[in-house]
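# Descriptive analysis of the structure
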2 protein chains.
Amino acid sequence: MRGMSPTPLDALTTPAALVDLDRVEANLRRVADYTRQHQLHWRPHTKTHKTAELTRLQLASGAVGATVATVREAEVMATVADDVLLAYPPVGSARLSRLMALPSRTRLTVALDSTEALEGLGRAAREAGRTVGVLVELDLGMRRVGVQTPADAVALARAVADTKSVAYRGVIFYPGHVRAPVEQQDAALADQRARLGAVLDALSAEGLRPEVVSGGSTPMLWRSHEVPGLTEIRPGINVLNDRNTASLGACAWSDCAFSVLATVVSTAVPGQVVLDAGSKALAKEEGLAPSGGYGALLDRPELVVRSVSEEHGLLDVSSTSWRPRVGERVRVVPNHVCAAVNLHERLHVLRKDTVTETWEVAARGW
Amino acid sequence: MRGMSPTPLDALTTPAALVDLDRVEANLRRVADYTRQHQLHWRPHTKTHKTAELTRLQLASGAVGATVATVREAEVMATVADDVLLAYPPVGSARLSRLMALPSRTRLTVALDSTEALEGLGRAAREAGRTVGVLVELDLGMRRVGVQTPADAVALARAVADTKSVAYRGVIFYPGHVRAPVEQQDAALADQRARLGAVLDALSAEGLRPEVVSGGSTPMLWRSHEVPGLTEIRPGINVLNDRNTASLGACAWSDCAFSVLATVVSTAVPGQVVLDAGSKALAKEEGLAPSGGYGALLDRPELVVRSVSEEHGLLDVSSTSWRPRVGERVRVVPNHVCAAVNLHERLHVLRKDTVTETWEVAARGW
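Residues numbered from 1 in each chain as written. Chains lettered and ligands numbered in written order. Predicted model: local features only at pLDDT ≥ 70, side-chain atom pairs only at ≥ 80, totals over all residues. Heavy atoms only, no water.

## A look at the sheet that holds strand β9 (residues 212–215) of chain B
We apply this condition: Two strands pair if DSSP finds at least two bridges between them. Under the DSSP-based scheme used, a helix requires at least four consecutive residues in state H or I and a strand at least two consecutive residues in state E, with every element numbered from the N terminus.
An order of β3-β10-β9-β8-β7-β6-β5-β4 (chain B) is seen for the eight strands of this open sheet, with the pairing classed as parallel. For this open sheet the edge positions go to β3 (41–42) and β4 (66–68) of chain B, each flanked by a neighbour on one side alone.

## Quick word on the packing of helix α6 (residues 150–161) of chain B against helix α7 (residues 185–205) of chain B
Residues and elements named next belong to chain B. Cut-off, in case you're wondering: To get an axis, fit a line to the C-alpha atoms, keeping to the stretch in contact for a helix; angles then go from 0 to 180 degrees between the N-to-C directions. Angle categories: roughly parallel below 35 degrees, roughly antiparallel above 145, roughly perpendicular from 65 to 115, and oblique for all the rest. Note: crossing handedness is left-handed where the near helix turns anticlockwise from the far helix by less than a right angle, and right-handed where it turns clockwise. In this analysis, two residues are considered to be in contact whenever any of their non-hydrogen atoms come within 4.5 Å of each other. Throughout this entry, Asp, Glu, Lys and Arg are counted as charged residues, while Ala, Val, Leu, Ile, Met, Phe, Trp, Tyr, Cys and Pro are counted as nonpolar. The remaining residues, Gly among them, count as polar.
At a minimum axis separation of 9 Å, α6 and α7 run at an interaxial angle of 45°. Taken together, the axes of α6 and α7 lie oblique to each other. Both α6 and α7 take part in a crossing whose hand is right-handed. Of the residues in α7, those in contact with Pro150, Ala153, Val154 and Ala157 of α6 are Ala198, Val199, Ala202 and Leu203. In terms of residue class, the contact of α6 with α7 is built from eight nonpolar, no polar and no charged.

## A short note on the domain arrangement of chain A
All names here are of chain A. Formally: These domain boundaries are the output of an automatic or database domain assignment. Defined here as a combined quantity, buried area equals the accessible surface (1.4 Å probe) lost by two parts on assembly, summed across both. Here a salt bridge means any side-chain nitrogen of Lys or Arg lying within 4 Å of a carboxyl oxygen belonging to Asp or Glu.
When its domains are assigned, chain A resolves into domain 1 (22–239) and domain 2 (247–360). Domain 1 and domain 2 are separated by 32 Å when their C-alpha centres are compared. Listed as interface residues are 23 residues of domain 1 and, on the opposing side, 22 residues of domain 2. Carbon and sulfur atoms supply 55% of the area that domain 1 and domain 2 bury against each other, a total of about 1800 Å² over both sides. One can count four salt bridges joining domain 1 with domain 2. When the shortest N-O distance is used, the salt bridge between Lys352 and Asp22 registers 3.1 Å.

## Describing the relation of the copies chain A and chain B
Rules: When the copies are overlaid, the least-squares fit takes in C-alpha atoms only where the residue has pLDDT of at least 70 in both copies.
The operation relating chain A to chain B is a screw motion whose rotation component is 180°, with 0.0 Å of axial translation and a residual RMSD of 0.0 Å. Here the two chains are linked by the operation of a two-fold rotation axis. By C-alpha distance to the rotation axis, the residue of chain A lying nearest is Lys284 of chain A, at 3.2 Å.

## Quick word on unusual backbone geometry
Residues and elements named next belong to chain A. Definition in use: Partly exposed residues are those whose accessible area sits between 20% and 50% of the maximum for their type, while under 20% is buried and over 50% is exposed, using a 1.4 Å probe and protein chains only.
At the junction of Thr14 and Pro15, the peptide bond is cis and its omega measures out at -5° in the coordinates. Not every positive phi belongs to a glycine, and Arg143 is a case in point at roughly 55°. Mapped onto the fold, Arg143 is located in the loop between β7 (132–138) and α6 (150–161). What makes Arg143 partly exposed here is its relative accessible area of 42%.

## Considering the sheet that holds strand β8 (residues 166–173) of chain A
Residue and element names in this part refer to chain A. Read across the open sheet, the eight strands follow the order β3-β10-β9-β8-β7-β6-β5-β4; overall the sheet is parallel. Edge positions in the sheet fall to β3 (41–42) and β4 (66–68), since each has one partner strand and no second. Here two bridges tie strand β9 (residues 212–215) to strand β10 (residues 232–233), and the two strands are oriented parallel to one another. The residue bridging Ser214 from the neighbouring strand is Glu232, located in β10. Along the sheet, α6 contacts β6 (107–112), β7 and β8; its crossing angle with β7, the most-contacted strand, is approximately 170°. Contacts from helix α7 (residues 185–205) reach β7, β8 and β9 within the one sheet, and its direction differs from that of β8 by about 160°.

## Side note on the UniProt feature "domain: D-serine dehydratase-like" (unreviewed entry) in chain A
Note the cut-off: UniProt positions are given in the numbering used here, feature names are shortened, and annotations may be inferred rather than shown by experiment.
Per the UniProt record, "domain: D-serine dehydratase-like" (unreviewed entry) is annotated on residues 257–351 of chain A. Secondary structure across residues 257–351 of chain A comprises 9% helix and 38% strand; the distance between its end C-alpha atoms is 11 Å.

## Quick look at the packing of aromatic side chains
Residue and element names in this part refer to chain A. To be explicit about the condition: Paired rings are identified among Phe, Tyr and Trp, the last through its six-membered ring, by centres lying within 6.5 Å, and are further divided according to the angle between planes into stacked (under 30 degrees), edge-to-face (over 60) and tilted (the rest). Sitting over a ring, as applied to charges here, requires NZ of Lys or CZ of Arg to be within 6 Å of the ring centre and within 35 degrees of the ring normal.
Scanning the entire structure with this criterion turns up two aromatic pairs over all chains. Summarising the aromatic geometry, the rings of Tyr34 and Trp222 are spaced 5.4 Å apart at their centres and angled 85° between planes, so their arrangement reads as edge-to-face. Of the two residues, Tyr34 sits in helix α1 (residues 21–37) while Trp222 sits in the loop between β9 and β10, which places them 188 residues apart along the sequence. Residue Tyr34 is classed as buried on the basis of its relative accessible area of 8%. By relative accessible area, Trp222 is classed as partly exposed at 27%. Across from the ring centre of Trp322, 4.0 Å away, lies the NZ or CZ of Arg300, which sits over that ring.

## A closer look at the nonpolar core
Just so we agree on the cut-off: The term nonpolar core refers to a set of buried residues drawn from Ala, Val, Leu, Ile, Met, Phe, Trp, Tyr and Cys, joined through side-chain atoms within 4.5 Å.
Residues Leu138, Leu240 and Phe258 of chain A together with Leu138, Leu240 and Phe258 of chain B are the most contacted members of the largest nonpolar core, which totals 202 residues. Sequence-distant contacts of Leu240 of chain B, that is, excluding residues within four places in its chain, are made with Val19, Val24, Asn27, Thr48, His49, Leu54, Asp255, Cys256, Ala257, Phe258, Val337 and Val341 of chain B.

## As for the interface of chain A and chain B
Quick reminder of the rule: Any pair of nitrogen or oxygen atoms within 3.5 Å is treated as a polar contact; in protein, a donor-acceptor pairing is required on top of that, and neighbouring residues in sequence qualify only through side-chain atoms on both sides.
Chain A puts 60 residues into the contact, and the matching count from chain B is 60 residues. Of the roughly 5100 Å² buried between chain A and chain B on both sides combined, carbon and sulfur atoms contribute 53%. If you look at where chain A meets chain B, you find ten salt bridges. A salt bridge links Glu345 of chain A to Arg72 of chain B, with the nearest nitrogen and oxygen atoms 2.7 Å apart. Where chain A packs against chain B, one counts 28 residue pairs in polar contact (both at pLDDT 80 or more).

## Here we look at the pairing of strand β8 (residues 166–173) of chain B
Residue and element names in this part refer to chain B. We apply this condition: Crossovers are marked right-handed if the path from the first strand over the helix to the second runs clockwise, as seen with the strands pointing away from the viewer.
For β8, a buried count of seven out of eight residues is recorded, marking the element as mostly surrounded by other parts of the structure. Pairing geometry for strand β7 (residues 132–138) and β8, over seven bridges, is parallel. Looking at β8, one finds that Leu135 is bridged to Gly170. Remark: the β7/α6/β8 crossover connection has right-handed handedness.

## Details of α1 of chain A
For an α-helix the count is 3.6 residues per turn, leaving residues at separations of three or four pointing the same way. Residues and elements named next belong to chain A. Using the following cut-off: By this rule, a helix spans an expected 1.5 Å times one less than how many residues it contains.
Helix length check: α1 (17 residues) gives 24 Å between terminal C-alpha atoms against 24 Å at 1.5 Å per residue, within 8%. Against the buried residues of α1 lie β2 (16–20), β3, α2 (52–60), β10, β17 (346–351) and β18 (354–360). Between the side-chain oxygen of the N-cap and the backbone nitrogen of Asp22 there are 3.1 Å, and the N-cap of α1 in question is Asp20. Looking one or two places after α1, you find Gln39, whose phi comes out positive at around 50°.

## A short note on helix α4 (residues 93–100) of chain A
Buried within α4 of chain A we find Ala94, Arg95, Leu96, Leu99 and Met100 of chain A. Where α4 of chain A is buried, its residues contact α3 (71–77), β5 (83–86), β6, α5 (115–128) and β7 of chain A together with β11 (258–266) of chain B.

## Overview of the pairing of β18 of chain A
For a regular strand, side chains alternate in direction, first toward one face of the sheet and then toward the other. Residue and element names in this part refer to chain A. Examined bridge by bridge, strand β1 (residues 7–8) and β18 share two bridges and lie antiparallel to one another. In the sheet register, Pro8 faces β18, and the bridge partner there is Thr354. The pairing of β17 with β18 spans six bridges and is antiparallel. Looking at β18, one finds that Leu347 is bridged to Trp359. The loop that links β17 with its antiparallel partner β18 comprises two residues; one of these, Lys352, has a positive phi angle of about 55°.

## Thoughts on the pattern of salt bridges
Scanning all chains against the criterion turns up 49 salt bridges over all chains. The partner of Arg43 of chain B in a salt bridge is Asp83 of chain B, and the shortest N-O contact between them spans 2.9 Å. Within this pair, whereas Arg43 of chain B is found in the loop between β3 and α2 (52–60), its partner Asp83 of chain B is found in strand β5 (residues 83–86), the two being separated by 40 residues in sequence. In this pair, the class of Arg43 of chain B matches that of Asp83 of chain B, namely buried. A salt bridge links Asp83 of chain B to Arg107 of chain B; the nearest nitrogen and oxygen atoms lie 3.6 Å apart. Of this pair, Asp83 of chain B sits in strand β5 while Arg107 of chain B sits in strand β6 (residues 107–112), and the two are 24 residues apart along the sequence. Residue class for Arg107 of chain B comes out partly exposed when judged on its relative accessible area of 35%. Sharing partners across several salt bridges, the network here consists of Asp22, Glu25, Arg351 and Lys352 of chain A.

Right, dumping it as structure tokens:
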């Protein structure tokens, strides 16, 4: 959905989700340059923004395809991307039948870590008459999903290679636990390299050398080239960034392209300013910044949304003499952009301070 | 939106939001009986479910009208309720113009705590040619919104009474901070009684005796009659209930009418079961239960979703020998139902284990 004519910010009902397109474009250029320089495929995780429009911009900037976590995301992104990776176990008949109904032009790959998931997928693919690529999911320390040992990886890769209607394409892992501040990343990287190396050696020794080794997340994005064997990265947050990413040092505050426009609705409690952006607009996600809270003002990052209820955000103004009045508007950068975007029906896209487009967050839900 | 024919649970894509209609009806009967017995008006907060259908059931059970927190909720609930209370400051021109565009049959009342909000509302109501009721918002200890002293309440009530196109109807407060376990509620109630009594005395002395004294929330619901002067209560959660409400002792576990149907998608990490219900399906809301986590299984409440990422919920099965397999389904009761419902497009309504209706969560967003 695109707006017909430019809209001034003042005309929006608050809270409203804003995307600064100049900053998005700078973020896209930076990751495109980095991946080109290091000969890595860039397959952004689109769960962050859930819009077809931003996926289209990512592809135009050099992304090789879209990563998704849900069938709904797959359905929406398949309208603009011909190469889709479901980085999620394809378990359950409803999930499988909708995956198989994706356009035949869609080159579909899925991640899985069990023979149960593999058998269900193989059966569904056979019945649908399509071939689905498979990446064996590895647990490299996140302890969420993924096979545990090199031997398990070999066994599952062998089973994939032996299953009709699926194609063994390689391995995948999510280093989401590796989000130490930049100065503490060396040890985490060394551990990732060692674990991944052992799996790659075992697979190669068995004639199962992976064509695809898919990893990479936003916090460690700029060090992806230090992981030998990696062929592609799947950063999600990076295109919009957020307060936690800035707190980790993985982006500058001025790289934050997403904010929530909010109105001051009450100043009745002394020392406190109440915004109309609460947990239903910002998401209640823990802050990695030492100052805590659930977000900070885009133009005054030292001012923190200290607590949230559903439709209220309590801005702590105890450190400043600045006192916004009832009716004034501010922009809040949330802690975790993926969770915040998911709460909004649409993103209002800005050039400078004018809304030039509106993107539907079309891939919400499942 | 209502489904055409009964659907078996198995046909749903997970995660899916489920509502047990037998339990809803029992919850409705209980609060209807309580409020009738104590001659309190029951004006349920519809932010919990955000559906026109459940508001219609509440009205049919004896509710006097709907409480809402957002303009979108007002617009949706006004299709089924002729009496709507916006328990939120009506600040900002976009918010005001949409409020004034509500059907002329809608008896609209709003809460506010500032002269800025009052002036904006008065101007908008005058221009729209309608009369809007006003409740003066009191802070009785929540420290979120609300005037601070009896003198401030009198001054704002006077200003309301003197403003054209608005009608002074009384006072409102939200005792959301009062959610002590039942055995610790006496002190909290005594404090609420004392603060409210002082305001009511001051208003009466100035000829501003409120017709409406609106309070009440789910945690203290069944003690509302112990607050002298209260005329109406606005519980929201009570119609569906959740894990936190059960933890507080304000409902039984078997009163929980909302759950999220989830599929086991991975058991690769030893001692752990991964569900496809994460923070985007359950919400990342703190648990009041000593066992922590983000939800518990409806049929095995001792089993807790220990941690969540966006599309993963990690079920802790360390206390049990029960081991669900990949592909099995479970139902999770989340900590905070209002936050969880807000993540779903629709609620699948069950009689026993069959989906008989589907309700659109139409009032999401703003």
